[in-house]
Every structure is written in C-alpha cells, then in structure tokens.
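# Residue-level structural notes
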Amino acid sequence: TPYGYENNPKKKYPVLYLLHGAGGDEEAWISMGRTAQILDNLIEKGLAEPMIVVMPNGNANQQAAVTLNIPNAPQQQMDRNALQSLPEAERMRRQNGYVVSLCEEIVPFIEKNFRVIAKPEARAIAGLSMGGGHTITASNMYPEMFDYICPLSAAGSSTAEQVATLKKAGVKLYFLACGDADFLFEGSKTLDKTLTEQGLDHIFYVSDGGHVWANWRLYLNTFAPMLFK
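An account of the accompanying structure is given in this report.

In terms of regular secondary structure, the chain is built from nine helices and six strands. The buried share of the chain, reckoned over its 229 residues, is 48%. Partitioning the contacts of the chain with sequence separation of at least 6, the portion at a separation of at least 24 is 72%. When the accessible surface of the chain is totalled, it reaches about 11800 Å², and 50% of it is carbon and sulfur.

Structure, rendered in structure tokens:
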C-alpha cells in the first residue's frame, strides 16, 4: 500500500497487479525488483500516482514463497486427449488456471478487502517473463478488465483477433518492453508487429541487455509514471 493509506480511510486507490517470472514467487518483485523503493520514490516526487501493488504467487504447486518452507502441493493435470476434447473456452480456462484465479478470485478479493477503485481504468497488470505471458493471457481472456497492460520480456503472444478485441475494449496503455539481447526478443518483436498491424496504439520499449532484473527494474521505473493518468 502507498504511504498514507492508513491515515485516510475514505481515499480509494488504483491497483497494479505485478507478476513474477519462472523461478520466482510473490517475494521476487520486492526482494530483487525493488518495487517498494521504486514506487515510493516515484510517488514522493509526484511522478507516479499513489497506487496499491498486488504481487501474487503464480506457481500452482506452492502455497506461499519457498522461504516459508511450506511443502508444495501435488499438481493434478488433466489428460491431454481429454483436454483437447473440451470446447475452446473451457480448454482455455483449464490451461490457464492461474490467470483465471487471478482475474476471478484475486482481483475480487482485493476489491473487497482494500480501498480500491474497482474499475478498468484503475486496474493495471504487468509481469516479467512467465508473468509477462500471464499478463498477455489475462488481457486476452479478460479484455475489459485492465486498461493498462505491460508485458515485460514476455513469454507469450496474441493473435490479431485478440488484439482487435483489446483495441475495441479501449485499452489506455499497452507498454511492451524487452532487451535487445533477450532470448525472448524475437517474440516481443512479433507481438509489436501484431499490435501495429491491428492499429493498437502502444509503446515498444527496447533496452540493452538480456533477461535480467536490471532491465525489469528499469521497465517498472519507466511505465509506472504512465499508469492511471
């Protein structure tokens, strides 16, 4: 929560849902991403809007961060043939259980238990690598939920139809970022091309370097001032 959250019980805030990558957990953006320091400084300088940041654990087999030493839960996976026999919409839900949980359970929980502005224009979603893929999938499956979409070094893509749906939904900011030496750079270039071809106004932020925290901290510093304007 931003500075002053406890002091003004009537003020409501926008929310950034910030997702970690493979090998990370809910502590990654705090411990390695320096999220609190970056946003506190931007807000203090008047460069970013005060906001709540939600950092969930995207690992289905974990109850919480590994540092808590809670045993992992066994994962049950549906038979591939049975999965392929399902209607497309249901198959998408089964294949993207975390994204469904994020949008249908976590977002409503936050909006019930914290003082937030429960509208698309007050919701942003961003993530790095695997979390970037989750960001893209969430925007594709729930195109009217988030007005600010920021995939970073993302492991994911969108079809022309999905981008057209996002454009129709009226997304306010689509911030795509990747390092030019990142092994996922070509995928980001492909997504940029699709966004451009479908006429979705967006930013493609290309930095030096690869798949590293130095870049993801840079990206957070860059897109956070653009949120909720």
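The subject of this paragraph is the pattern of salt bridges. According to the stated counting rule, one finds four salt bridges in the structure shown. Glu111 is the partner of Arg123 in a salt bridge, and the nearest nitrogen-oxygen pair spans 2.6 Å. Residue Arg123 is found in strand E3 (residues 123–128), and its partner Glu111 is found in helix H5 (residues 97–113); the two are separated by twelve residues along the sequence. Under the relative-accessibility criterion, Glu111 is labelled partly exposed at 24%. Between Glu197 and Lys193 there is a salt bridge whose closest N-O contact spans 2.5 Å. Pair noted here: Glu197 and Lys193 are both in helix H8 (residues 185–197), with a separation of four residues, about one helical turn.

Its identity as a non-glycine residue notwithstanding, Ser129 has a phi of 55°, on the positive side. Mapped onto the elements, Ser129 comes out in the loop between E3 and helix H6 (130–141). Despite not being glycine, Phe228 has its phi angle at roughly 60°, a positive value. Mapping Phe228 onto the fold places it in the segment after helix H9 (213–223). On the accessibility criterion, Phe228 (11% relative accessible area) is buried.

Moving on, we come to the side chain of Asn215. Mapped onto the fold, Asn215 is located in helix H9. Of the residues examined, Asn215 reaches a relative accessible area of 6% and is grouped as buried. Sequence-distant contacts of Asn215, that is, excluding residues within four places in its chain, are made with Gly179, Ser207, Asp208, Gly209 and Gly210.

Looking now at H8. Across its 13 residues, H8 extends 18 Å between first and last C-alpha, which sits within 8% of the 18 Å expected from 1.5 Å per residue. Buried within H8 we find Phe185, Ser188, Leu191, Asp192, Thr194 and Leu195. As for H8, its buried residues are in contact with H6, helix H7 (160–169), strand E5 (173–179) and strand E6 (203–207). At the C-terminal side of H8, Gly199 shows a positive phi close to 75°.

To continue, consider the nonpolar core. Counting 31 residues, the largest nonpolar core has Tyr17, Cys103, Ile125, Phe146 and Tyr174 as its most contacted members. Those elements giving two or more residues to this core turn out to be strand E1 (15–19), strand E2 (52–54), H5, H6, H7, E5 and H8. A total of seven residues in this core trace back to one element, the largest contributor, which is H5. Filtering out sequence-adjacent residues up to four positions away, Phe146 remains in contact with Tyr17, Cys103, Val107, Pro120, Arg123, Ala124, Ile125, Ala138 and Val171.

The next thing to look at is the sheet that holds E5. The sheet built from six strands is open, its strands ordered E2-E1-E3-E4-E5-E6 with parallel pairing. Each edge of the open sheet is held by one strand with a lone partner, namely E2 and E6. Strand-to-strand twist of the sheet, defined as the mean angle between neighbouring strand axes without regard to direction, takes the value 15°. Of the pairings in the sheet, the one linking E5 to E6 comprises five bridges and is parallel in character. Counted as the bridge partner of Ala177 is Tyr205 from E6. Across the face of the sheet, H5 comes into contact with E1, E2 and E3 while running at roughly 145° to E1.

Each value, and the rule that gives it
- Residues numbered from 1 in each chain as written.
- Predicted model: local features only at pLDDT ≥ 70, side-chain atom pairs only at ≥ 80, totals over all residues.
- Heavy atoms only, no water.
- Helix = DSSP H or I, 4+ residues; strand = E, 2+ residues; numbered from the N terminus.
- Buried < 20%, exposed > 50% of the residue type's maximum accessible area, 1.4 Å probe, protein only.
- Contact = heavy atoms within 4.5 Å.
- Areas by Shrake-Rupley, 256 points an atom, 1.4 Å probe, with all protein chains shown as cover.
- Salt bridge = Lys/Arg side-chain N within 4 Å of Asp/Glu carboxyl O.
- Expected span 1.5 Å × (residues − 1).
- Core = buried A, V, L, I, M, F, W, Y, C linked by side-chain atoms within 4.5 Å.
- Pairing = 2+ DSSP bridges.
- Axes fitted to C-alpha atoms, helices over the stretch in contact; angles between N-to-C directions.

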